[in-house]
Amino acid sequence: MSLYLGLDSSTQSMKALVIDPDLGKIVASAAVNFGKDLPEYGCPEGVLANPDPLVKHSPPQMWLAALDLVLSRLQATGVAMGDIRAISGDGQQHGSVYLNAQGTKILAGLNPAKTLANQLTPAFSRKTSPIWMDSSTSAECREIEAAVGPRLQTDTGSPAIERFTGPQIRRFFKTSPAEYANTDRIHLVSSFMCSVLIGQHAPIDFGDGAGMNLLNLKTGDWDNAALDATAPGLRDKLPPARPATETAGGLHAYFAKYGLKPGVPVILWTGDNPSSLVGVGASEPGVAVISLGTSDTFFAAMPAMKTDPNGCGHVFGNPTGGCMSLICFKNGSLARERVKEECKVDWTFFEGTALVETKPGNDGNMALSYYVPEITPRVMTPGVRRQGSPDFCSGKAPAAVQVRAALEGQFCSMRLLSEWIGQFKTIRVTGGASRNKGIVQLIADIFQADVQLIAVPDSATLGGAMRAAHAAGKVPLQDLAAKFAAASETITPTTGAKGAFEAPLKAYRKFLADVTK
Ligand code: XUL
């Protein structure tokens, strides 16, 4: 039996999933929720509390504790851990982990009698890891852009962006120069978790590496001008950048305690969105993907590299080769949850009542719900922006009106701000909220596209298992996509919806322009 393991180290959880390509089946899965299962780290939503709303960090030890726990839970399912032939995975993008010179030795000598978190604690040169939700680096972004110029976007795929790793590293260098000097290696979450599995420093893949403002996508190497603009001596502190299809190394003997075979190949990890591209079977151009997770993202494999003229979107490496586009909305499920709480309703209300009791366009009541600073469009001051009737603007409208406004605001923004990526006849929707039929129908109507659902909502985790089977087991990706990521259901636009959203889209275009003035 040949099994393949995918791991997903995301903002709020760690997940594991094992596939059997011969059977075409997922044979086991396990998950750890940081808030519920590891409350000792004080991160109910995966992030440490901070008095500055722009600062979002997480403790890297929490991710290590979650790796130990998810593997023991996976073993407890009774799956044949010894039949796992290869492993790969993904991490939340942009987050970074800082190791001192002891890190290399500690990784190599991991002792199964101790936990990963305990052993690696002395290896961190920065106690906490900035993650993708952080937006505290506007000054550093301006400095990097001034030094590198417009080439930063055309060659690395993005202008300087607050959450990207380069600006985060520059801020660390400026605010903690001694700790920066004491840093031997800087990893992304993905390359860090991969390093732990193999007990040595793993490369960074082109998919996740492109989220740093440091990788030249045209040469496949770190960009000298971007490195110099970020922090001194940075090249020596970064692992090499390599394609995601390569093997990082063999599994460290530490993991034999979970029944895994030491030495099985560990394929380079990538970012959660690039991994999802594979996990939803969209690694060839033609189909767009909407992932409804902590953040909402819209992405697609690109036939040729092109960048966002509005400066909000990104180009990352496609883990199967070439490039992918992406736009990210920080106020994704977090904003939907806030609206749900404020309106004192449940998800079935989102699914049915709210959308049945109101009509497309919501009688002109529009909302752009920014509970935290937004990435797309770039809005640094949180707050819900409303336009419409006086009752609605003062937050007194019925719950149905408020829910529709929040959802239409999210998906009209997504449609308008993804125009640079292209228009798609088919969109695959994944992530937790893809189970909500009301939301999915609204997406079909606003985008005027067929929306396909796939059976596995954890597409990033699945993508890791599929990449492991492809790279190490030589199983063709098309076969894996046909077996694991086939559309389970297609939702078509409601008859007559096309006209219904023309005026609201026009109004939202103006609203977005006003908000970003
Ligand atoms: C993408 C992004 C988020 C994170 C967390 O650029 O910032 O989607 O990857 O999921």
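Residues numbered from 1 in each chain as written. Predicted model: local features only at pLDDT ≥ 70, side-chain atom pairs only at ≥ 80, totals over all residues. Heavy atoms only, no water.

**Here's the deal with the pattern of salt bridges**
Pairs can form between side chains of opposite charge once their charged atoms are near each other. The tally for this structure, following the rule as stated, stands at 19 salt bridges. Among the salt bridges present, the one from Arg404 reaches Glu408, with a minimum N-O distance of 2.6 Å. Pair noted here: Arg404 and Glu408 are both in helix 17 (residues 399-417), with a separation of 4 residues, about one helical turn. Overall, Glu408 belongs to the buried group, its relative accessible area being 1%. The network of salt bridges with common partners includes Glu140, Glu143, Arg170 and Lys174. (Salt bridge = Lys/Arg side-chain N within 4 Å of Asp/Glu carboxyl O. Helix = DSSP H or I, 4+ residues; strand = E, 2+ residues; numbered from the N terminus. Buried < 20%, exposed > 50% of the residue type's maximum accessible area, 1.4 Å probe, protein only.)

**Quick notes on the pairing of strand 17 (residues 296-302)**
Along any regular strand, the residues point their side chains to alternate faces of the sheet. Counting buried positions along strand 17 yields 7 of 7 residues, so the element is predominantly enclosed. Summarising the sheet, strand 16 (residues 288-292) and strand 17 pair through 5 bridges and their orientation is antiparallel. Across the sheet, the residue bridging to Ala288 is Ala300, located in strand 17. The hairpin formed by strand 16 and strand 17 contains 3 residues between the paired strands. As defined by bridge partners, strand 17 adjoins strand 19 (residues 323-329) across 7 bridges and the pair is classed as antiparallel. Residue pairing for strand 19: Phe299 is matched across the bridge by Leu326. (Pairing = 2+ DSSP bridges.)

**What to know about the environment of Leu188**
Within the secondary structure, Leu188 sits in strand 8 (residues 185-188). Of the residues examined, Leu188 reaches a relative accessible area of 0% and is grouped as buried. Residues Leu188 and Ile131, 57 residues apart in the sequence, show an inter-C-alpha distance of 9.6 Å. Apart from the residues within four sequence positions on either side, Leu188 is in contact with His94, Gly95, Ser96, Thr165, Ile204, Asp208, Gly209 and Met212. (Contact = heavy atoms within 4.5 Å.)

**So, the domain arrangement of the chain**
A common measure of how large an interface is: the accessible area buried when the components associate. Taken as a whole, the chain is organised into domain 1 (3-268) and domain 2 (280-454 + 486-517). The distance between the C-alpha centroids of domain 1 and domain 2 comes to 28 Å. Across the domain 1 to domain 2 interface the summed buried area is about 1900 Å²; carbon plus sulfur atoms make up 61%. At the boundary of domain 1 with domain 2, the tally comes to 1 salt bridge. Of the charged contacts in the structure, one is a salt bridge between Arg378 and Glu162, with a shortest N-O distance of 2.4 Å. In this structure, the connection of domain 1 to domain 2 is made through 10 residue pairs in polar contact (both at pLDDT 80 or more). Contributions of two or more residues to the side of domain 1 that touches domain 2 are made by helix 6 (151-156) and helix 10 (206-209). A per-element tally of the side of domain 1 that touches domain 2 places helix 6 first, with 4 residues. Classifying every residue of the side of domain 1 that touches domain 2 by side-chain character gives 10 nonpolar, 14 polar and 4 charged. (Domains from an automatic or database assignment. Buried area = accessible area lost by both parts, 1.4 Å probe. Polar contact = N/O pair within 3.5 Å; in protein donor to acceptor, adjacent residues only side chain to side chain. Nonpolar A, V, L, I, M, F, W, Y, C, P; charged D, E, K, R; others polar.)

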